[in-house]
Structure formats: structure tokens, C-alpha cells
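Structural description and commentary
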Amino acid sequence: QVQLVESGGGLVQPGGSLRLSCAASGSIFNINHMGWYRQAPGKQRELVALSISGSTTNYADSVKGRFTISRDNAKNSVSLQMNNLKPEDTALYYCNAEVRSTDSGLRDYWGQGTQVTVSS
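What about the sheet that holds strand β7 (residues 67-72)?
Across the sheet, 4 strands lie side by side as β1-β3-β8-β7; this open sheet has antiparallel pairing. If you trace the sheet from one side to the other, it starts and ends with β1 (2-7) and β7, each paired once. Put simply, the sheet's adjacent strands are angled 15° from each other on average, direction ignored. Here β1 runs beside strand β3 (residues 18-26); their pairing, made up of 6 bridges, is antiparallel. Residue pairing for β3: glutamate 6 is matched across the bridge by cysteine 22.

If you want it as C-alpha cells, here you go:
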């Protein structure tokens, strides 16, 4: 089994910064992509940022220039630096990883979610 554990959410004022972290553990053989999704109340889950194997990254248009995803392959971890946060960034943020495990083959895994609230 593989587990994703997130940390770093919280309450921040508009214009502030937060850093989310996610670490994968368990029976990992290798990880393809790792990234972050978010879901606001009443809305569908959406992609925020994705780090694909190698150096390719994808960002939602709404966060480009404000958020930066970084990945540490040696530690099976991914972080999301969020700057200049806006109220519309308020959501439950989920870590996602496509993992090839030693016992379950290739599949997607999700963290439990961490709340980010941007409010004055």
C-alpha cells in the first residue's frame, strides 16, 4: 500500500503565503507524476499544479505566476509554494500521485486533503 500525507494548510490573509507539503510512503517502486488538486465548496475538483516525471510542470491558469510546485524524487515528496493568495484560492487541497507500487501495480493515490482559507 501507498500513503500520501499532506501538511501546511491554514488560514492566511489575502496577499499572504503558504507552503503545502506531501510525502509518499509505502511499497513504492517509482512515481510518475505528483501534484496538487483543490476543491472549493460547491465546485468540482480541479488541477492546481502537476510535476510530471522529468522537469515538466503544469499549472492552472489561475495560479500561474503565484504558485510554484517543486518535487524531491529522493524523498518521494512534492511541495506547493503559494504566494499572493486570494480569497478564491480557498479550498481543500489534495495531493495526488501516480505510483507504481511493488504490490498493486500502477495507480493513482490521493491524500486526505488540507484546508487552505484565505480571508481577512
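Structural notes on the environment of phenylalanine 29
For phenylalanine 29, the position within the fold is in strand β4 (residues 28-39). Since its relative accessible area comes to 60%, phenylalanine 29 is described here as exposed. In sequence terms phenylalanine 29 and glutamine 3 are 26 residues apart; their C-alpha atoms lie 13 Å from each other. Setting aside its immediate chain neighbours within four residues, phenylalanine 29 contacts Arg100, Ser101 and Thr102.

Topic: the side chain of arginine 66
Along the chain, arginine 66 falls in the loop between β6 (57-59) and β7. A polar atom in the side chain of arginine 66 sits 2.8 Å from the side chain of aspartate 89.

Some points on the state of the cysteines
Scanning all chains against the criterion turns up 1 disulfide. The partner cysteine of cysteine 22 in its disulfide is cysteine 95, sulfur to sulfur 2.1 Å. Measuring the twist about the S-S bond at about -80°, one finds the cysteine 22-cysteine 95 disulfide to be left-handed. Residue cysteine 22 is found in strand β3, and its partner cysteine 95 is found in strand β9 (residues 91-101); the two are separated by 73 residues along the sequence. A residue is classified by how much of its surface remains accessible, and cysteine 22, at 1% relative accessible area, is buried.

What counts, and at which threshold
- Residues numbered from 1 in each chain as written.
- Predicted model: local features only at pLDDT ≥ 70, side-chain atom pairs only at ≥ 80, totals over all residues.
- Heavy atoms only, no water.
- Pairing = 2+ DSSP bridges.
- Helix = DSSP H or I, 4+ residues; strand = E, 2+ residues; numbered from the N terminus.
- Axes fitted to C-alpha atoms, helices over the stretch in contact; angles between N-to-C directions.
- Buried < 20%, exposed > 50% of the residue type's maximum accessible area, 1.4 Å probe, protein only.
- Contact = heavy atoms within 4.5 Å.
- Polar contact = N/O pair within 3.5 Å; in protein donor to acceptor, adjacent residues only side chain to side chain.
- Disulfide = S-S within 2.5 Å.

Read these as spatial facts, not as claims about activity.
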